[in-house]
Amino acid sequence: MSINQNMDIDTNTKHEVKVIDGVTHVFIINEIVVNNNDFEQRVKVATILSNMTLGDVAKRFGITQATFFTRCKTGKMNFIEQRRIAEILGCTSVIKFVFDDGSVFEGHTVKQLIMDACAHVNMTQMELGERLGKSRQSFNDKLNKGRFTNDEIRDIAGKIGCTYYNYFEMEDGTQI
């Protein structure tokens, strides 16, 4: 596999750089290391592993490539949209909360993930909403719609007292 799009490869990633017919290619060897917080890079790597282009994904997502790229870069994709992108790429979007006691919660929905994590630390939804500076109604509406960005979910995890992980998992088990 080769990467011919502009992207930063973590120097800890096992890779090999080759120039073939005047084009520089980066070959990922065995594993891929992408910053958990960098949605744009995860999408780029998953796109390459799926033998698609960003334009292909944007078109199937229903927006222009420029808009798609901007929303990926700025992290303006909520979890529902991330799941849709993962489906387009033929992989799974995984989010989970991990606690220091070793407990791990993965949700099929953001609402379920947050409710399970709150129950684990004996926190009510109302308490969490207060810690986030949201009114009860505002937080419950958002929770019921499940439309949170990565930054919002990361903030929620911090208020609950756990670590947030978000990655794509390819069919072969590769986590991006």
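Quick caveat: nothing in here was measured; it's all calculated off a predicted structure. (Residues numbered from 1 in each chain as written. Predicted model: local features only at pLDDT ≥ 70, side-chain atom pairs only at ≥ 80, totals over all residues. Heavy atoms only, no water.)

(A) Summary view of the sheet that holds strand E5 (residues 163-169). One open sheet holds the three strands; their spatial order is E4-E3-E5, and the pairing between them is antiparallel. With partners counted over all chains shown, the strands left at the sheet margins are strand E4 (104-106) and E5, one partner each. Here the strands of the sheet are splayed against their neighbours by 25° on average, with no regard to which way each runs. As paired strands, strand E3 (residues 92-98) and E5 are joined by seven bridges and run antiparallel to one another. Paired with Phe97 across the bridge in E5 is Tyr164. Against the sheet, helix H4 (residues 79-89) touches E3 and E5, its axis set at about 135° to E3. Here helix H8 (residues 150-160) sits on the sheet and contacts E3 and E5; the angle it forms with E5, its principal contact strand, is near 140°. (Pairing = 2+ DSSP bridges. Helix = DSSP H or I, 4+ residues; strand = E, 2+ residues; numbered from the N terminus. Axes fitted to C-alpha atoms, helices over the stretch in contact; angles between N-to-C directions. Contact = heavy atoms within 4.5 Å.)

(B) Structural detail: the packing of helix H2 (residues 54-61) against H4. Look at H2 against H4: their axes get within 10 Å of each other, and the N-to-C directions meet at 120°. Here H4 runs oblique to H2, going by the angle between their axes. Of the two elements, H2 crosses H4, and the hand of that crossing is right-handed. Across from Val57, Arg60 and Phe61 in H2, the residues of H4 making contact are Glu81, Arg84, Ile85, Ile88 and Leu89. Grouping the amino acids of the contact of H2 with H4 by side-chain chemistry returns five nonpolar, no polar and three charged. (Parallel < 35°, antiparallel > 145°, perpendicular 65-115°, else oblique. Left-handed = near helix turned anticlockwise from the far one by under 90°. Nonpolar A, V, L, I, M, F, W, Y, C, P; charged D, E, K, R; others polar.)

(C) Main features of helix H1 (residues 39-49). Taking burial as the measure, the eleven residues of H1 include ten buried ones, the bulk of the element. Taken together, the buried positions of H1 are occupied by Phe39, Glu40, Gln41, Arg42, Val43, Lys44, Val45, Ala46, Thr47 and Ile48. On the buried face of H1, the contacting elements are H2, helix H3 (65-74), H4, H8 and E5. Of the residues trailing H1, Asn51 is marked for its positive phi of about 55°. (Buried < 20%, exposed > 50% of the residue type's maximum accessible area, 1.4 Å probe, protein only.)

(D) Looking closely at the packing of helix H5 (residues 110-120) against H8. Two elements in contact, H5 and H8, have axes separated by 10 Å at closest approach and are oriented at 15°. By the criterion of interaxial angle, the relationship of H5 to H8 is roughly parallel. Classified by chirality, the crossing of H8 by H5 is right-handed. Contacts from Val110, Ile114, Ala117 and Cys118 of H5 reach H8 at Ile153, Ile156 and Ile160.

(E) Summary view of the pattern of salt bridges. All told, the structure shown has five salt bridges when counted by the stated rule. One salt bridge connects Lys44 with Glu40, and the closest N-O pair in it is separated by 3.5 Å. With Lys44 and Glu40 both in helix H1 and four residues apart, the pair spans about one turn of that helix. The shortest N-O distance in the salt bridge between Glu40 and Lys73 comes to 3.9 Å. Taken as a pair, Glu40 in helix H1 and Lys73 in helix H3 lie far apart in primary sequence, 33 residues in all. What makes Lys73 exposed here is its relative accessible area of 54%. Several salt bridges converge on common partners, so that one network encompasses Glu40, Lys44 and Lys73. (Salt bridge = Lys/Arg side-chain N within 4 Å of Asp/Glu carboxyl O.)

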